[in-house]
Amino acid sequence: MTPLLILICLVLITIVVIQIGKVTELASSIRGEEDTQFETNRWSGILSLVFLVVFLVGCVYSAIYYKNYMLGYGPHASASQHGGSIDFLFDITLFFTGIVFVITHIALFWFAYKYQGRKGRKAEFISHNNKLEVIWTLVPAIVMTLLVISGLDAWNEIMPDVADDEDFIEIEATGVQFNWLLRYPGPDNMLGTRDYKKITGVNPLGQDWTDPKNHDDLQPGEIVLPVGKKVRVRITARDVLHNFYLPHFRVKMDAVPGIPTYFIFTPTKTTEEYRQELSNYAEYQVPSDPDDPNGPQRWETFEYELACAELCGNGHFSMRRVVRIVSEAEYEAWLGQQKSYYLGNIRNGDEDPLKGQVLDLEISQRKTDFTTAVKQALGAPDSVEKVIPLNYVQYETGSSTLTADSQYELDNLGAGTQGECLSAD
Amino acid sequence: MANTRTYDEDVLTEEHGFEDHFHDHHHGDKYQTSFLTHYIFSQDHKIIARQFLITGMFWGLVGALMSVIFRLQVGFPEESLSWIKPLLGKWITVNEEGFGTLAPEFYYALVTMHGTILVFFVLTAGLSGTFSNLLIPFQVGARDMASPLLNMFSYWFFFLAGVIMFYSLFLSTGPFAGGWTAYPPLSILPQASSGSGAGMTLWTLSLVLFVVSVLLGGINYVTTILNMRTKGMNMWRMPLTIWAFFITAILGILSFPVLAAGFFLLMCDRTLGTSFYISEIFVGGQALENVGGSPILYQHLFWFLGHPEVYIIILPAMGLVSEVLAVHSRKPIFGYKAMVFSMLAIGFLSFIVWAHHMFMSGVNPFLSNFFVVFTLIIAVPSAVKVFNWITTLYKGNIRYTAASLFAIGFVSMFISGGLTGIFLGNSTLDIQLHDTYFVVAHFHIVMGVAAFFGMFAGVYHWFPRMFGRFMNETLGKVHFWGTLVGAYAVFWPMHYLGMAGVPRRYYSFDNFDTFAHFDNMNKFITIAAMVVFALQVLFVINFFYSIFKGKVQKTKNPWGATTLEWTAPIDAPHGNWPGKIPAVHRWPYDYGKDGEDFIPQIAPLAEGEKDHGH
């Protein structure tokens, strides 16, 4: 009901103001127009000065009050390598524009006060001053040159694509209404091919399952990255424009259907480190859930977030994913736990074009399993436990010939593994 | 005041004026024979100007009311909005407990309509349409526009565009809700947003009609200024208002057709199955056949209009403010030629900076280098203009009226909003600031509030020229001070939101911890927005009250201005001057020259006197 009350108050105030307006006009016609004008000039001059003071003080005060929102300051420091150059450029731009802002506003409202119309005063006829005009053309030109140069310097540092010989992690983010679908390349470090016409309910990215590069790709529910390692995010969209926005890392790039884009950044602070930094600030030392005063504090529950920054429809405001930055070891451990999307959701299902066939991926997995089994058997103290289960050896029904798959598997097991097993025997 | 000599405009016009035998043929007044041809289908530029203004004010109220409604949702999500259900119907969803919220699709529809209406209908048609029509014939000394008929069509195409847009608000699938820039694929796919169905069709239709209106008007303005200036009115004797309208019209003529072309391709994609803007889309459980198009192509075409458009909005305001500041400081505008050249520079540069809206849209980052350079160059002519306005006040004798106050407020807003443009024009900073509230703050201050201030200055100043009465000055000053403080209260905090990374066009911030902790600021902004809205209602009341009951204008030239519009009779007939057209002998800024308060343009040069306009 608050808005309604405010609305009613506003209506009442409006009526009062209109009445005052009518009365003062009446009064001015009684007093004489010229005198009223000088009186008005005086008041307006004074109000100009008051506004100048209140406005400038308000600007400075609010800037100090909200200093923790400033780019690159306090809890709002960037968490990526290139973020620092953005924050620095923001600060020098703020410095120069701040000077201009204060000087021009003082001049504007001071002149408004000082040169208010007074009885008996005449304006001076000053039409132009070439010297002055050249100066105030040149000074902004020089400052702009400075800002352009430092801006483009940083821009051309941040934006180019990775070189071939660089060491980086590539991940992929696909915007859909209203979610981000994430993809990691898996152990082969290669993202598999996609075709939007292959998209189905269980294949949200339209991955081509005949491409072996797809078989080990992961589709985790959050972005996990190691600290200090360069990341290239391949950004794309499935339906409409989205924008891959990581506010803490100063990362933002449109996701365009049909035209993949990218952004490259290097996280410099783990989630845990960032939490520790936040713990120093009062606004983060409050319960994160206001209804639970004894629960964890805001800094303890802090997470880096991925958002959408390009209007994409009704759910635009809800495309959240958590981003966790961890140590290299934690990252490896996390990667190890992730299951291939293909093997977990597609393999031998209705949509698997390779249904029934044995994949190289599976062979190498079985190879690892077999070697582990052999080693375990050899190490077992009890002869009863020295058993090597041959899970995947299958014979044609009623025959001693191996099935084609098993034969293929045996042929491709690799001499190394055989030798290893035999010598262990 | 300090006046030393009075001028009788009638005598000057008769003695030195230019006889064009206009009234020998009686073709002036035949248009004014009936109510219908005088007030509705009028071809008189003065009536058309009033039609543009009043239609613009209607749209201004509608657009502003929309912003108040969506600000209520953003500022007070915990308050029930069921009380506006009678107005908004099904767009307010009420749950079992009687708690009403604005439906997200309608929130986005309101945001979209607010932008479209304010940018095109209010700040283009309502501002440039009104004052170009009112002042061009008056100030260049013409009887009317070059083509009064096309001029009438210009208004009626705008009116029709408005009717269609208004109708789209009542569609069952809702009006278009994909943002005022209408980026595809969202604007093409009804599967992705219900407003992209019939709502988008009507939106496009409306804006195509609007383009026609702008072109008809623009061609008229340019032709009138080039061909119909009175005797002695060379280009360097034109007031800055005319220069501003001239450059604005040229920008409109060159850029709006590109928008129309962009919309044409958009319509083809929507209806004929072409793929100019879309490729590889899977939506609504279905893979579309379209391949090979580029959504970014649309953005190029759109912003090729879109960027000049912001100057189409702000240049007329600059012209009005320059004129009002000079008249009320009783001084010439400082650096007249620098003002003209800076407007020409801004106009030219506005065509080669469009991609600064697209730094983060997936264009090749190398391309951005050029757009950063040209964008930041615009700061130089803009700075020159600001310094010149400020210096115009220096050693003046300022007469404070609502008009001159709004002109000073304009300069303040233009500085504040212009300076944040220096942040956003730098592509590196745009990485973080793009599509955040920092952008919302920037463009609202520099082309929203500033343009409105220019428009208000114009309305208060030329109200007597339009209606033969004055607006109530006290209410005008309340309107000014309240709006100045209120507008800063609305938009200044948004800079902090933007720096903190809060994205624009979010229906709710609760999903993200990063954006969720600004409740008090959002409430403050919403309350300030409501106060500012109430002040604009006050202005509208003052406007209509003053048309009928305002203080009557008794003298022809109440502000002591030099320009020609004040030499015509208070109730100027169609044709503006009952006898000869006034001839011009000097530039329009002889204020305070040779110890005289002002010397009108129609006064011949004294012996040995040097004219500044040559």
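A quick note: this is a predicted structure, and the numbers were derived from the prediction, not measured. (Residues numbered from 1 in each chain as written. Chains lettered and ligands numbered in written order. Predicted model: local features only at pLDDT ≥ 70, side-chain atom pairs only at ≥ 80, totals over all residues.)

Trainee: Which parts of the structure should I look at to understand the overall build of chain B?
Mentor: For chain B, the helix and strand inventory stands at 17 helices and 6 strands. Relative to its length of 614 residues, chain B is compact, with a C-alpha radius of gyration of 25 Å against a globular reference of 25 Å. Counting only C-alpha atoms and orienting by the principal axes, one finds that chain B spans roughly 80 × 55 × 45 Å. Within chain B, buried positions represent 64% of all 614 residues. The long-range share in chain B, meaning contacts at least 24 apart out of those at least 6 apart in sequence, stands at 79%. (Helix = DSSP H or I, 4+ residues; strand = E, 2+ residues; numbered from the N terminus. Rg over C-alpha atoms; globule rule 2.2 N^0.38 Å. Buried ≥ 20, exposed ≤ 12 C-beta atoms within 10 Å, placed from the backbone. Contact = placed C-beta atoms within 7 Å.)

Trainee: Looking at this model, I keep getting lost on the overall build of chain A. Mind explaining?
Mentor: When helices and strands are tallied, chain A shows 11 helices and 9 strands. Relative to the compact-globule value of 22 Å for 425 residues, chain A shows a C-alpha radius of gyration of 34 Å, a clear excess of over 25%. Once the C-alpha set of chain A is aligned to its principal axes, its extents read approximately 120 × 55 × 45 Å. Looking at chain A as a whole, 30% of its 425 residues are labelled buried.

Trainee: Even after reading the chapter, I still don't get the sheet that holds strand β4 (residues 231–237) of chain A, so can you show me in this structure?
Mentor: Strands in a sheet are paired, the pairing made by backbone hydrogen bonds, and the direction either parallel or antiparallel. All names here are of chain A. The 4 strands are arranged β2-β1-β4-β7 in an open sheet whose pairing can be described as mixed. At either margin of the open sheet sits one strand with a lone partner, and together these are β2 (179–183) and β7 (261–265). Adjacent strand axes in the sheet meet at a mean angle of 25 degrees, parallel and antiparallel pairs treated alike. Examined bridge by bridge, strand β1 (residues 169–176) and β2 share 5 bridges and lie antiparallel to one another. Within β2, the residue paired with G175 across the bridge is W180. (Pairing = 2+ DSSP bridges. Axes fitted to C-alpha atoms, helices over the stretch in contact; angles between N-to-C directions.)

Trainee: What am I meant to see in the packing of helix α9 (residues 295–329) of chain B against helix α13 (residues 402–424) of chain B here?
Mentor: Packed helix pairs are characterised by how far apart their axes lie and by the angle those axes make with each other. Residues and elements named next belong to chain B. Taken N-terminus to C-terminus, the directions of α9 and α13 make an angle of 125 degrees; their axes are 9 Å apart at the nearest point. When the axes of α9 and α13 are compared, the pair comes out oblique. The handedness of the crossing between α9 and α13 is left-handed. In this structure, α9 uses A317, V321, V324, L325 and H328 to contact α13, whose residues at the interface are A403, S404, A407 and F410. (Parallel < 35°, antiparallel > 145°, perpendicular 65-115°, else oblique. Left-handed = near helix turned anticlockwise from the far one by under 90°.)

Trainee: Explain the interface of chain A and chain B to me, please; I cannot follow it from the model alone.
Mentor: A common way to report how large an interface is uses the accessible area buried once the components associate. Taken together, the contact pairs 97 residues of chain A with 108 residues of chain B. Contributions of two or more residues to the side of chain A that touches chain B are made by α1 (2–31), α2 (33–65), α3 (83–114), α4 (130–158), β5 (242–246), β6 (251–255) and β8 (304–308) of chain A. Split into classes, the residues belonging to the side of chain A that touches chain B amount to 55 nonpolar, 27 polar and 15 charged. (Nonpolar A, V, L, I, M, F, W, Y, C, P; charged D, E, K, R; others polar.)

Trainee: Just checking my understanding: could you explain the environment of A:K269 for this structure?
Mentor: Residue and element names in this part refer to chain A. Among the structural elements, K269 can be located in the loop between β7 and α6 (271–278). Its 20 C-beta neighbours within 10 Å are what place K269 among the buried residues. When the C-alpha positions of K269 and I325 are compared, they lie 7.1 Å apart, and in sequence the two are 56 residues distant. In contact with K269, not counting residues within four places along its chain, are A79, V227, Y274 and I325.

Trainee: How do you make sense of the pairing of β5(A) when you look at a structure like this?
Mentor: When a strand is regular, its side chains alternate between the sheet's two faces. Residue and element names in this part refer to chain A. By the criterion of burial, β5 is predominantly enclosed, with 5 of the 5 residues buried. Burial along β5 is two-sided: H242, F244 and L246 and N243 and Y245, pointing in opposite directions, are all buried. Bridge count between β5 and β6: 5 bridges; the pairing is antiparallel. Following the sheet pairing, N243 is matched in β6 by D254. Between the antiparallel neighbours β5 and β6 lie 4 residues, among them R250 with a positive phi of about 55 degrees. In this structure, β5 lies alongside β8, joined through 2 bridges in antiparallel fashion. By the bridge assignment, F244 is partnered in β8 with C308.

Trainee: Explain the nonpolar core to me, please; I cannot follow it from the model alone.
Mentor: The nonpolar side chains of a soluble globular protein tend to be buried with one another. Residue and element names in this part refer to chain B. In terms of nonpolar packing, the biggest core is built from 284 residues, with F406, F410, A450 and A457 touching the most fellow members. No other element matches the 22 residues that helix α5 (residues 104–140) contributes to this core. Setting aside its immediate chain neighbours within four residues, F410 contacts A317, V321, A450, F453, G454 and A457. (Core = buried A, V, L, I, M, F, W, Y, C linked by C-beta atoms within 7 Å.)

Trainee: Can you help me understand the confidence of the model for chain B in this one?
Mentor: Averaged over chain B, the pLDDT score is 92; the fraction of residues at 70 or greater is 97%. Scoring of the predicted complex yields 0.92 for pTM and 0.93 for ipTM. (pLDDT = per-residue confidence, 0-100.)

Trainee: How should the sheet that holds β8(A) be read in this particular structure?
Mentor: Residues and elements named next belong to chain A. As summarised here, the arrangement of the 5 strands in space is β3-β9-β8-β5-β6, forming an open sheet in which the pairing is mixed. The open sheet has two edge strands, β3 (223–226) and β6, and neither has a second partner. Strand-to-strand twist across the sheet, computed as the mean angle between neighbouring axes with direction ignored, equals 20 degrees. Of the strand pairs in this sheet, β8 and strand β9 (residues 321–326) are connected by 3 bridges, and their pairing is antiparallel. Across the sheet, residue E305 finds its bridge partner in β9, namely V322. Lying over the sheet, helix α7 (residues 328–337) contacts β3 and β9, oriented at roughly 140 degrees with respect to β3.

Trainee: Which parts of the structure should I look at to understand the environment of A:L359?
Mentor: Residues and elements named next belong to chain A. Considering the arrangement of structural elements, one finds L359 in the loop between α8 (341–346) and α9 (360–379). L359 gets classed as partly exposed once you count the C-beta atoms within 10 Å, which come to 15. L359 has contacts with H215 and L354, leaving out every residue within four places of it along the chain.

Trainee: Would you take a moment to explain the packing of α2(A) against α3(A) for this structure?
Mentor: All names here are of chain A. Where α2 meets α3, the closest approach of the two axes is 7 Å, and the angle between their N-to-C directions is 160 degrees. Here α3 runs roughly antiparallel to α2, going by the angle between their axes. The chirality of how α2 crosses α3 is left-handed. Contacts from G45, S48, L49, F51, L52 and L56 in α2 reach V102, H105, I106, F109, W110, A112 and Y113 in α3. Of the residues belonging to the contact of α2 with α3, the class tally is 10 nonpolar, 3 polar and no charged.

Trainee: Honestly, the pairing of β1(A) in this entry has me stumped. Any pointers?
Mentor: In terms of strand pairing, β1(A) meets β4(A) through 7 bridges, oriented parallel. Bridging across to β4(A), A:G175 finds its partner in A:A237.

Trainee: Please clarify how the environment of A:T261 should be interpreted in this entry.
Mentor: The residue A:T261 is located in strand β7 in this model. With 27 residues separating them in the primary sequence, A:T261 and A:R234 have C-alpha atoms 6.0 Å apart. The contacts of A:T261, once residues within four sequence positions are left out, are A:I235, A:M253, A:D254, A:A255, A:V256 and B:G362.

Trainee: I tried to follow unusual backbone geometry on my own but got confused; where do I start?
Mentor: Excluding glycine, residues mostly have negative phi values, and the peptide bonds linking residues are mostly trans. The linkage connecting A:Q177 with the following residue, A:F178, adopts the cis geometry, with an omega of -5 degrees. Along the chain, A:F178 falls in the loop between β1 and β2. In this chain, B:P184 is followed by B:P185 through a cis amide linkage whose omega measures 0 degrees. Phi angles above zero are rare outside glycine, and B:R505 is one such case at about 60 degrees. Note on placement: B:R505 falls in the loop between α16 (473–499) and α17 (519–549).

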